[in-house]
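One letter stands for each residue in the lines below.
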Amino acid sequence: MRVLGVDPGLTRCGVGVVDGVAGRPLTMIGVGVVRTPADADLGSRLVAVEAGLERWLDEYRPERVAVERVFSQHNVSTVMGTAQASAVAILCASRRGIPVVLHTPSEVKAAVTGTGRADKAQVGAMVTRLLRLDAPPKPADAADALALAICHIWRAPAQNRLQRAVAEHAAARRSSSKGRTA
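Just so it is clear, the model here is predicted, and its values are computed rather than measured. (Residues numbered from 1 in each chain as written. Predicted model: local features only at pLDDT ≥ 70, side-chain atom pairs only at ≥ 80, totals over all residues. Heavy atoms only, no water.)

Our next topic: helix H3 (residues 105-113). Listed in full, the buried residues belonging to H3 are Pro-105, Glu-107, Val-108 and Val-112. The arc that holds every buried residue of H3, seen down its axis, measures 160°, which confines them to one face. The first or second residue beyond H3 is Gly-114, which carries a positive phi of 100°. (Buried < 20%, exposed > 50% of the residue type's maximum accessible area, 1.4 Å probe, protein only. Helix = DSSP H or I, 4+ residues; strand = E, 2+ residues; numbered from the N terminus. Arc of directions from axis to C-beta.)

If you want it as structure tokens, here you go:
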């Protein structure tokens, strides 16, 4: 499975592409950052994020896009920019019919490091180790994007089994309720 991880942000939007399946060694295909000038107006910045993400989608053709779920922070302007960049990523992928998954920061940290309270350095070190890189990707937004992709690859099989089980349970309930009404 090829996954594009997106660590949303208006100034620096981390992007990373990972190939692999759970239980096997993973391969980094690409990593980088889509940048926008902090002094540009919001509309121009969102257009730049869109253009950058579209280039990544064109070049790497991921099967899934994993985006960091926006969570509440103390700085409202920061969380708004993050949410807006996140929406652009979701829109770009959805426009192409690519499934989008959202993962919380603590979920990603736990998947990659074993603890949901890991710091940026720990995440970078584990991404480096898991992808057999010479050094952690810089800036941290790029390493976080790779961590998102890794998290999704590792969690997708369990999530798929859970979704199938829920669907089967719902179908069985519908079937049994039809039998009672007949």
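Let us now look at the UniProt feature "active site" (unreviewed entry) in the chain. Cross-referencing UniProt, the feature "active site" (unreviewed entry) maps to Asp-7, Glu-68 and Asp-141 in the present numbering. Judged by maximum C-alpha separation, these annotated positions cover 135 residues in sequence but sit close together in space, the widest gap being only 11.0 Å. Along the chain, Asp-7 falls in strand S1 (residues 2-7). Dropping the residues within four chain positions of it, Asp-7 is found in contact with Arg-12, Cys-13, Gly-14, Glu-68, Asp-141, Asp-144, Ala-145 and Leu-148. On the secondary structure map, Asp-141 appears in helix H5 (residues 140-181). A residue is classified by how much of its surface remains accessible, and Asp-141, at 12% relative accessible area, is buried. With near-sequence residues (within four places) excluded, Asp-141 lies in contact with Asp-7, Arg-12 and Gly-14. (UniProt positions renumbered as here; feature names shortened; annotations may be inferred. Contact = heavy atoms within 4.5 Å.)

Helix-helix packing: each pair is described by the crossing angle between the helix axes and the interaxial distance. The interhelical angle for the contact between helix H1 (residues 42-60) and helix H2 (residues 76-95), taken along N-to-C directions, is 40°, at an axis separation of 9 Å. Between H1 and H2, the angle falls in the class oblique. As H1 runs across H2, the sense of the crossing is right-handed. Residues Leu-42, Leu-46, Val-49, Glu-50, Leu-53, Glu-54 and Leu-57 of H1 touch H2, and the partners they reach there are Gln-84, Ala-85, Val-88, Ala-89, Cys-92, Ala-93 and Arg-95. Among the residues making up the contact of H1 with H2, the classes are represented as 10 nonpolar, one polar and three charged. (Axes fitted to C-alpha atoms, helices over the stretch in contact; angles between N-to-C directions. Parallel < 35°, antiparallel > 145°, perpendicular 65-115°, else oblique. Left-handed = near helix turned anticlockwise from the far one by under 90°. Nonpolar A, V, L, I, M, F, W, Y, C, P; charged D, E, K, R; others polar.)

Where helix H4 (residues 120-130) is concerned, the buried positions are Val-123, Gly-124, Val-127 and Thr-128. In an axial view of H4, the angular spread of the buried residues amounts to 135°, which keeps them on one side of the axis. Opposite the packed face of H4, turned more than 90 degrees from it, sit the exposed residues Ala-121 and Arg-129. Measuring from the backbone nitrogen of Ala-121 back to the side-chain oxygen at the start of H4 gives 3.1 Å, which picks out Asp-119 as the cap. The positive-phi residue at the C-terminal boundary of H4 is Arg-132, with phi of around 55°. (Polar contact = N/O pair within 3.5 Å; in protein donor to acceptor, adjacent residues only side chain to side chain.)

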